[in-house]
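Chain residues, written in single-letter form:
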Amino acid sequence: MTNADPVELDKFSQLAHKWWDPNSEFKPLHDINPLRLGYIDRHAGLAGKTVLDVGCGGGILSESMAGLNANVTGIDLADKSLQVAKLHLLESGRSVDYRKIAVEDLAAGQPGHYDVVTCLEMLEHVPDPQSVVTACAKLVKPGGWVFFSTLNRNPKSYLFAIVGAEYVLKLLPRGTHDYDKFLKPSELAQFCRHAGLNVTDLIGMSYNPLSQIYSLGSDTDVNYMVACRKD
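First things first, this report covers the structure right here in the doc. (Residues numbered from 1 in each chain as written. Predicted model: local features only at pLDDT ≥ 70, side-chain atom pairs only at ≥ 80, totals over all residues. Heavy atoms only, no water.)

Further remarks concern the packing of aromatic side chains. Enumeration according to the criterion identifies six aromatic pairs in this entry. Between Y39 and F147, the ring centres sit 6.1 Å apart and the planes meet at 75 degrees, which makes this aromatic pair edge-to-face. With Y39 in helix α2 (residues 27-44) and F147 in strand β5 (residues 140-151), the pair connects residues that are 108 residues apart, well separated along the chain. Residues Y39 and F147 agree in their burial class; the two are buried. A ring pair is formed by Y158 and Y179, whose centres lie 5.4 Å apart and whose planes are at 85 degrees; its orientation type is edge-to-face. Within this pair, whereas Y158 is found in helix α7 (residues 155-168), its partner Y179 is found in the loop between α7 and α8 (185-194), the two being separated by 21 residues in sequence. In textbook terms, an aromatic cluster arises when at least three aromatic residues are bridged by ring pairs, as seen for Y39, W145 and F147. When the ring centre of F160 is taken as origin, the NZ or CZ atom of K156, which lies over that ring, is 5.6 Å away. (Phe/Tyr/Trp six-rings, centres within 6.5 Å; stacked < 30°, edge-to-face > 60°. Helix = DSSP H or I, 4+ residues; strand = E, 2+ residues; numbered from the N terminus. Buried < 20%, exposed > 50% of the residue type's maximum accessible area, 1.4 Å probe, protein only. Lys NZ or Arg CZ within 6 Å of the ring centre and 35° of its normal.)

Next up, the structure:
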């Protein structure tokens, strides 16, 4: 069985045509993309690297990494999102290999193939996040980098990520997130250790509703990223 939730796939398919509209429901992803890209590049040095973007969606991060001269493959299971990603390459002129395939299936066929694997804002949308983490670990070369980002699970994250972002500020459509699928950093770190990944860095991402600016820092209560190396 594919490790995907049909409801989640349909949710993103319905919005697929808006992926590259910076003022749409995907505005938060456009706003945080430079922060995520910079964080990944500072750790892994993307230029010349073979990179896999798991759960690439419409390709916002994939294209940005290709723009830093990485050799990027983006995978997703949402047909409409992939179609939008491929069409946008005609506009941007960048090169990304987009494929519809589950990360577990790709790991079975290409173990140890990539220098860098990214899996951002995906773990909270799948039935079995441990399976995704394990597959990402299989896909990266020994000594390579794996990056995850997701949402913490606590009262503050519920207040900010669901009540605040979806209902008050309306940064995201209602129903974007399921609080029960949020992952505490300790839980994600355990998944990583079981998969043979060493978590080398943990950083939080915060949003200031007054300045409408996102920033990276020590506050991991809501959004956070981890950088891992394969043993």
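In the structure shown here, the tally under the stated rule is nine salt bridges. A salt bridge links K18 to E25; the nearest nitrogen and oxygen atoms lie 3.1 Å apart. Residue K100 is joined to D79 by a salt bridge in which the shortest nitrogen-to-oxygen separation is 2.9 Å. Here the residue K100 occupies a position in strand β3 (residues 96-100), and D79 occupies one in helix α4 (residues 79-92), the gap between them amounting to 21 residues. Accessibility expressed as a relative area gives 38% for D79, which makes it partly exposed. Linked by salt bridges that have partners in common, K156, D219 and D221 make up one network. (Salt bridge = Lys/Arg side-chain N within 4 Å of Asp/Glu carboxyl O.)

All right, on to the nonpolar core then. Counting residues in each nonpolar core, the largest one holds 31 residues, and the members touching the most others are V54, V117, V133, C136, F148 and L188. Going through the elements one at a time, β1 (50-54), α5 (103-109), β4 (114-120), α6 (129-139), β5, α8 and β8 (223-230) are the ones with two or more residues in this core. Within the second largest apolar cluster, 24 residues are counted, among which are L61, A66, A85 and L120. (Core = buried A, V, L, I, M, F, W, Y, C linked by side-chain atoms within 4.5 Å.)

Time to look at the sheet that holds strand β7 (residues 213-217). One open sheet holds the eight strands; their spatial order is β3-β2-β1-β4-β5-β8-β6-β7, and the pairing between them is mixed. Strands at the two margins of the open sheet, each flanked by one partner only, are β3 and β7. Taken pair by pair, the neighbouring strands of this sheet meet at an average axis angle of 20 degrees, ignoring direction. Where β1 meets β4, three bridges bridge the pair, whose relative direction is parallel. Residue pairing in the sheet places D53 in a bridge with T118 of β4. α2 contacts β4, β5, β6 (197-208), β7 and β8 of the sheet and is inclined by roughly 25 degrees relative to β7. Running at roughly 150 degrees to β5, α6 makes contact with β1, β4, β5, β6 and β8 of the sheet. (Pairing = 2+ DSSP bridges. Axes fitted to C-alpha atoms, helices over the stretch in contact; angles between N-to-C directions. Contact = heavy atoms within 4.5 Å.)

Moving on to α4. Between its first and last C-alpha atoms α4 spans 20 Å; for 14 residues at 1.5 Å apiece the expected length is 20 Å, and the two agree. Considered for burial, the residues of α4 that qualify are S81, L82, V84, A85, H88 and L89. Buried residues of α4, viewed axially, fall in a sector of 160 degrees; they line one side. Counted as exposed and oriented over 90 degrees from the buried face of α4: L87 and L90. The inward-facing, buried residues of α4 contact α1 (6-14), α3 (60-66), β2 (71-76) and β3. Taken from the residues just after α4, G93 is the one with a positive phi, measuring 80 degrees. (Expected span 1.5 Å × (residues − 1). Arc of directions from axis to C-beta.)

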